[in-house]
Amino acid sequence: MTGLGTALRAETLAWRRSAVQRIATPLLVLLVPVAAVGLVALARSGAVVGAGAAKLAPYATGDAATTQLVAAGQVLSVAALLATGFAAAAAFAQPLADGRAGAYFGLATPRSTVALARCLVLLGWAAACAAGAVLLAVAASAVPSAGLGAEAWAAGGRALVAGLLAAGLALPFGAVATATRSPLATVGALIGVVAVTQMVVLVGGGAWFPYAVPSLWTGMGGPAAASAVGPVGLLLAAAAVPVGLAVVAWQWRRLTDV
Amino acid sequence: MTVLALHDLRHRFGDRTALAGLSVAVGPGEVVALVGLNGAGKTTALRVMTGRLRPAGGTARVLGADPATLGPTAARRFGHVVGAALVSPDLTVTENVRTAALLHGVPRADVATAGSAVVQRLDLEPWAHARARTLSAGNAQRLGVACAVVHGPSALVLDEPTSALDPRGVVLVRELVRSLADAGAGVLVSSHHLDEVARVADRVVVVHGGRDVGELAPGPEMERRFFARVLEADTDVPAPGGVA
């Protein structure tokens, strides 16, 4: 790929400096462990009663460290999708909306390579954030428990993989952003997909629906729904990365009327 | 050899004709200015010239290649600012010119030198570490030009490059364009400032209704001759191509 190293260098700098990254990084890295610890503490405090208590029931029993890391995975599986989706909307639609994308024509580094590098930088950033969030959640769980058991480590590992899968599932929104040329429309599509995912899960198709897989796999739909997610479902979710990369690069290669 | 060429360009946006057979050619060492009223088709032509718009008819060539699919070899010798420049608002002036140099194919070892030279050339040193989003419109425009020429292009396209500049900035950009042309580059520039194009251009092409309606010899009374040419085109009196 012509100039991928150059494009990665340029895109990494641009993303490091961007306001979206500066806001999203602390939110993603800190919100996940804080929410996980908070959910478990709230469930075990007895302060919530009625329908709220029923919702929090899965977090009220069992090993606290393991439960916190399960909760971290569940929060991360949604937060990583939303954060990376917002990032894709900003990174791909905004330059098309304000005309900056036109400057990427006629460069020695082809615009499709720049777009590919932008996807890879977003993916790397999301992966680093997911790793940071899980690491903090592990630390927050390990310190009061004086160490973690095998089950807790497994929950932490699953949280990380779910976060990576969710971040990868956001890459196709780079294609949506390129097609719509509108950050707002891209965010609308992202919210729409989240809503559709809820409906698919309600009718029992979640184990096969890529956008439902990370959440269900971390136990958000209960143990039965988690065990229904098999390797095929996980692979389908992971396929969003190569598909997203290929479509975005193709779109930017064919881009016109900018 | 022609550095930049548009031949018989035709394009419509819905019911509106934007280009109706426009042809322009720029040779090495030549500065050609497109002048015309708002909506005449200048910017649309320059978007085609930079590959950003595929025309319904006609051809565009940059250093002999189709700008929409320009290969790295030709692209290394091409620079342009049409609308928004290759500038990220979150990066500093220095970071922007260095990033532009990298993307334009300047070898990594030469990027810092090339960046410093163009920052100095366009008198942007006081803002070298300022983020682009904090610059005034004039300084931002100079930064855009800097990012387009940091690699020393031999084909350059500039759309209204002095529209936001103060008199000193106008002189800086004019001298830059002239020096690039003197070094052998072909430059296609659009402008509304007839006095300015009279100073910098070797040839001035009048664009009206999406086509070239003749040339103006750079010199005195440009404004009067420009309006006369536009009026002639509207009344379809002379055939296009003559020099007024």
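Residues numbered from 1 in each chain as written. Chains lettered and ligands numbered in written order. Predicted model: local features only at pLDDT ≥ 70, side-chain atom pairs only at ≥ 80, totals over all residues. Heavy atoms only, no water.

The secondary structure content of chain A amounts to 12 helices and zero strands. Helices (α) and strands (β) of chain A occur, in sequence order from the N terminus, as α-α-α-α-α-α-α-α-α-α-α-α. Scaling as 2.2 N^0.38, a compact globule of 258 residues should have a C-alpha radius of gyration of about 18 Å, and chain A matches this with 19 Å. In terms of principal-axis extent, the alpha carbons of chain A reach across some 60 × 40 × 30 Å. Looking at the 258 residues of chain A, the share that counts as buried comes to 49%. Counted over contacts in chain A with a minimum sequence separation of 6, partners at least 24 positions apart contribute 77%. Of the accessible surface of chain A, which amounts to about 10,700 Å², a share of 73% is contributed by carbon and sulfur atoms. When the 13 basic and 5 acidic side-chain charges of chain A are each reduced to a single mean position, those positions are 7 Å apart. (Helix = DSSP H or I, 4+ residues; strand = E, 2+ residues; numbered from the N terminus. Rg over C-alpha atoms; globule rule 2.2 N^0.38 Å. Buried < 20%, exposed > 50% of the residue type's maximum accessible area, 1.4 Å probe, protein only. Contact = heavy atoms within 4.5 Å. Areas by Shrake-Rupley, 256 points an atom, 1.4 Å probe, with all protein chains shown as cover. Lys, Arg positive; Asp, Glu negative; His and termini not counted. Charge placed at Lys NZ, Arg CZ, Asp CG, Glu CD.)

Another point: the UniProt feature "transmembrane region" (unreviewed entry) in chain A. All names here are of chain A. Per the UniProt record, "transmembrane region" (unreviewed entry) is found at residues 27-49, 69-93, 114-139, 159-177, 184-209 and 229-250. A helix fraction of 83% and a strand fraction of 0% characterise residues 27-49, whose end C-alpha atoms lie 29 Å from each other. For residues 159-177, the end-to-end C-alpha separation is 28 Å, with 89% helix and 0% strand making up the annotated structure. (UniProt positions renumbered as here; feature names shortened; annotations may be inferred.)

On the side of chain A, 31 residues touch chain B, which itself brings 29 residues to the contact. Contact between chain B and chain A buries roughly 2,400 Å² in total, counting both sides, with carbon and sulfur atoms accounting for 55%. Joining chain B to chain A, the criterion identifies two salt bridges. Elements that contribute at least two residues to the side of chain B that touches chain A include exactly helix 2 (72-75), strand 5 (78-81) and helix 3 (93-103) of chain B. (Buried area = accessible area lost by both parts, 1.4 Å probe. Salt bridge = Lys/Arg side-chain N within 4 Å of Asp/Glu carboxyl O.)

The next thing to look at is the nonpolar core. By size, the foremost hydrophobic cluster in this structure holds 71 residues, and its most contacted members are Leu 76, Leu 81, Phe 92, Trp 125 and Trp 252 of chain A. If we skip the residues at most four places from it in the chain, Trp 252 of chain A touches Phe 92, Leu 96, Ala 101, Arg 111, Ser 112, Ala 115, Arg 118 and Thr 178 of chain A. In this structure, Ala 10 of chain A together with Val 106, Leu 135 and Met 222 of chain B belong to the second largest nonpolar core, which totals 62 residues. (Core = buried A, V, L, I, M, F, W, Y, C linked by side-chain atoms within 4.5 Å.)

In a packed pair of helices, the relevant descriptors are the angle between the two axes and the axis-to-axis distance. All names here are of chain B. Relative to each other, helix 5 (residues 137-149) and helix 6 (residues 167-182) sit at 15 degrees, their axes nearing to 11 Å. The pairing of helix 5 with helix 6 is recorded here as roughly parallel in orientation. Crossing of helix 5 against helix 6: the hand is left-handed. Of the residues in helix 6, those touching helix 5 at Arg 142, Val 145 and Val 149 are Gly 169, Leu 172, Val 173, Leu 176 and Leu 180. (Axes fitted to C-alpha atoms, helices over the stretch in contact; angles between N-to-C directions. Parallel < 35°, antiparallel > 145°, perpendicular 65-115°, else oblique. Left-handed = near helix turned anticlockwise from the far one by under 90°.)

A word on the packing of aromatic side chains. Residues and elements named next belong to chain A. This structure, assessed with the given rule, holds five aromatic pairs over all chains. Ring plane angle 50 degrees and centroid distance 6.2 Å describe the contact between Phe 209 and Tyr 211, whose orientation is recorded as tilted. Tyr 211 sits in the buried class, given a relative accessible area of 17%. Cluster of aromatic residues (ring-pair linked, three or more members): Phe 173, Phe 209 and Tyr 211. Here the basic side chain of Arg 111 rests over the ring of Phe 105, its NZ or CZ set 4.0 Å away from the ring centre. Arg 118 extends its terminal NZ or CZ atom over the ring of Trp 252, reaching a point 5.8 Å from the ring centre. (Phe/Tyr/Trp six-rings, centres within 6.5 Å; stacked < 30°, edge-to-face > 60°. Lys NZ or Arg CZ within 6 Å of the ring centre and 35° of its normal.)

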